[in-house]
Amino acid sequence: MKKNILIMLLAAIMLASCGEYNKLLKSTDYEYKYEAAKTYFAKGQYNRAATLLNELITILKGTDKAEESLYMLGMCYYNQRDYQTAAQTFIQYYNVYPRGTFTELARFQAGKSLFLDTPEPRLDQSGTYVAIQQLQAFLEYYPQSSKKEEAQEMVFQLQDRLVMKEYDSARLYYNLGNYRGNNYLACVITAQNALKDYPYTNLREDLSMLILRAKYEMAVYSVEEKRVDRYRETVDEYYAFKNEFPESQYTKEADKIFKESEKMIKPEDETEGITE
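Only a predicted model underlies this, so the values are computations on that prediction, with no experimental measurement involved.

Draft legend 1. Inspection of the overall build of the chain at higher detail. Counting secondary structure elements, the chain contains 12 helices and 0 strands. Each helix and strand of the chain, ordered N terminal to C terminal, gives the series α-α-α-α-α-α-α-α-α-α-α-α. Contacts in the chain between residues far apart in sequence, at least 24 positions, make up 54% of those at least 6 positions apart.

Here is the structure:
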């Protein structure tokens, strides 16, 4: 009996709440709607708050309340994990209010929303570039912001995502080998470009080792007149690798490549010495 009464009370409260909300939607008391939207937002009822705020940003245009309503609307979408719409709303805010109360936060939240919406490395990374642009713009506008470190960390993570895509591409070229062309050369170029564009990446050692492997394979499968020169290039790459990564996890493999390359160079050097 008590359980049934409790259920009836809860249902009555919910119906009353729904009824109040429906009346609110029809109301022309926009001050009341504004306060109600803030209350819904504070309670985490973001869908209801967003419905009211979408109306208020037009009705209250030109007032401080319209400015706050637009920022709150962005946060409603953000908290509902609709990151694309959130980013668009924050961008709209700082374009409309370039010196507004929430402009710094809006720029930050636009970048963060896009950061959270970026795809995994194997997919198209167009959105990643846009997110980096937004976050870098925020850092340029607000170099002393309390959000600076968080924004920088997001930029680094996004750049690592781009590097991972390049690393995966370079590794694919390496695995294709000589299939329909010199894919080892494509591997080297892709990895070198990644290192040039993102010199501080966490994948620097892996990319450098991939270049060494690819150069060695190019030498192995090279035509005779180019073979020795390519083995020499491999040795040069080995010394560069060892200099940068003296305690590398790939030391054993790199040393083996070096020894095999040296074997192929020495007979040629000895022949040149006899000729002289």
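So, next bit.
Draft legend 2. A look at the environment of serine 222. Within the secondary structure layout, serine 222 lies in the loop between helix H10 (204–220) and helix H11 (224–244). Put simply, serine 222 and asparagine 182 are 40 residues apart on the chain and 9.9 Å apart in space, counted from C-alpha to C-alpha. In contact with serine 222, other than residues within four places in its own chain, are Arg227 and Arg230.

Draft legend 3. Molecular detail of the packing of aromatic side chains. Under the definition given, this model contains 18 aromatic pairs. With centroids separated by 6.3 Å and ring planes inclined at 35 degrees, the aromatic side chains of tyrosine 141 and tyrosine 142 adopt a geometry described as tilted. The structure contains a cluster of three or more aromatic residues connected by ring pairs, namely Tyr71, Phe90, Tyr93, Tyr97 and Phe102. Positioned above the aromatic ring of tyrosine 250, the side-chain terminus of arginine 213 is 5.3 Å from the ring centre.

Draft legend 4. Summary view of helix H8 (residues 148–176). With 29 residues, H8 should reach 42 Å at 1.5 Å per residue; the first-to-last C-alpha distance of 42 Å fits that figure. Burial in H8 covers these residues: Ala151, Met154, Val155, Leu158, Arg161, Leu162, Val163, Tyr167, Ala170 and Tyr174. Tucked into the core, H8 has its buried residues touching helix H6 (103–116), helix H7 (126–141), helix H9 (183–197) and H10. Positioned one or two residues after H8, glycine 177 has a phi angle of 60 degrees, which is positive.

Draft legend 5. View of H10. Its 17 residues place the ends of H10 25 Å apart at the C-alpha level, agreeing with the 24 Å of an ideal helix rising 1.5 Å per residue. H10 sits mainly inside the fold: 15 of its 17 residues count as buried.

Draft legend 6. Broad picture of the packing of helix H4 (residues 64–79) against H6. At a minimum axis separation of 11 Å, H4 and H6 run at an interaxial angle of 20 degrees. Relative to H6, the element H4 lies roughly parallel. Crossing of H4 against H6: the hand is left-handed. Within the contact between the two elements, H4 uses Tyr71, Met75 and Tyr78 and H6 uses Leu105, Ala106, Gln109, Lys112, Ser113 and Leu116.

Draft legend 7. Highlighting the confidence of the model for the chain. Chain-level pLDDT for the chain is 88 on average; 90% of the residues reach the 70-or-more range. In the model, residues 1–16 has pLDDT below 50 throughout and makes 0 contacts with residues more than four positions away in sequence or in other chains.

Draft legend 8. Local environment of unusual backbone geometry. Its identity as a non-glycine residue notwithstanding, arginine 81 has a phi of 65 degrees, on the positive side. Tracing the chain through its elements places arginine 81 in the loop between H4 and helix H5 (83–96).

Draft legend 9. Structural detail: the side chain of glutamine 134. If you trace the backbone, glutamine 134 turns up in helix H7. Once residues within four sequence positions are removed from consideration, glutamine 134 is found in contact with Ile91, Tyr94, Ala110, Gly111 and Leu114.

Draft legend 10. Summary view of the side chain of threonine 190. Mapped onto the elements, threonine 190 comes out in helix H9. There is a polar contact of 2.8 Å between the side chain of threonine 190 and the backbone oxygen of alanine 186. Ignoring any residue separated from it by four or fewer positions in sequence, one finds threonine 190 in contact with Glu166, Ser169, Ala170 and Tyr173.

Draft legend 11. View of a nonpolar patch on the surface. A surface patch of nonpolar side chains, about 380 Å² in accessible area, is lined by Leu172, Tyr173, Leu176 and Tyr179. If you trace the backbone, leucine 176 turns up in helix H8.

Draft legend 12. Spotlight on the environment of serine 126. Along the chain, serine 126 turns up in helix H7. Relative accessible area serves as the criterion here: at 42%, serine 126 is assigned to the partly exposed category. Sequence separation between serine 126 and leucine 162 is 36 residues, and the spatial gap between their C-alpha atoms is 10.0 Å.

Draft legend 13. Representation of the environment of serine 261. With respect to the helices and strands, the residue serine 261 is situated in helix H12 (residues 251–275). Since its relative accessible area comes to 0%, serine 261 is described here as buried. Sequence-wise, serine 261 and tyrosine 238 are 23 residues apart; in three dimensions their C-alpha atoms are separated by 9.8 Å. Other than its neighbours up to four places away in sequence, serine 261 contacts Tyr216, Tyr231, Thr234 and Val235.

About the thresholds
Residues numbered from 1 in each chain as written. Predicted model: local features only at pLDDT ≥ 70, side-chain atom pairs only at ≥ 80, totals over all residues. Heavy atoms only, no water. Helix = DSSP H or I, 4+ residues; strand = E, 2+ residues; numbered from the N terminus. Contact = heavy atoms within 4.5 Å. Phe/Tyr/Trp six-rings, centres within 6.5 Å; stacked < 30°, edge-to-face > 60°. Lys NZ or Arg CZ within 6 Å of the ring centre and 35° of its normal. Expected span 1.5 Å × (residues − 1). Buried < 20%, exposed > 50% of the residue type's maximum accessible area, 1.4 Å probe, protein only. Axes fitted to C-alpha atoms, helices over the stretch in contact; angles between N-to-C directions. Parallel < 35°, antiparallel > 145°, perpendicular 65-115°, else oblique. Left-handed = near helix turned anticlockwise from the far one by under 90°. pLDDT = per-residue confidence, 0-100. Polar contact = N/O pair within 3.5 Å; in protein donor to acceptor, adjacent residues only side chain to side chain. Patch = residues over 30% accessible without salt bridge, like charges linked within 9 Å, V, L, I, M, F, W, Y side chains within 5 Å. Areas by Shrake-Rupley, 256 points an atom, 1.4 Å probe, with all protein chains shown as cover. Salt bridge = Lys/Arg side-chain N within 4 Å of Asp/Glu carboxyl O.

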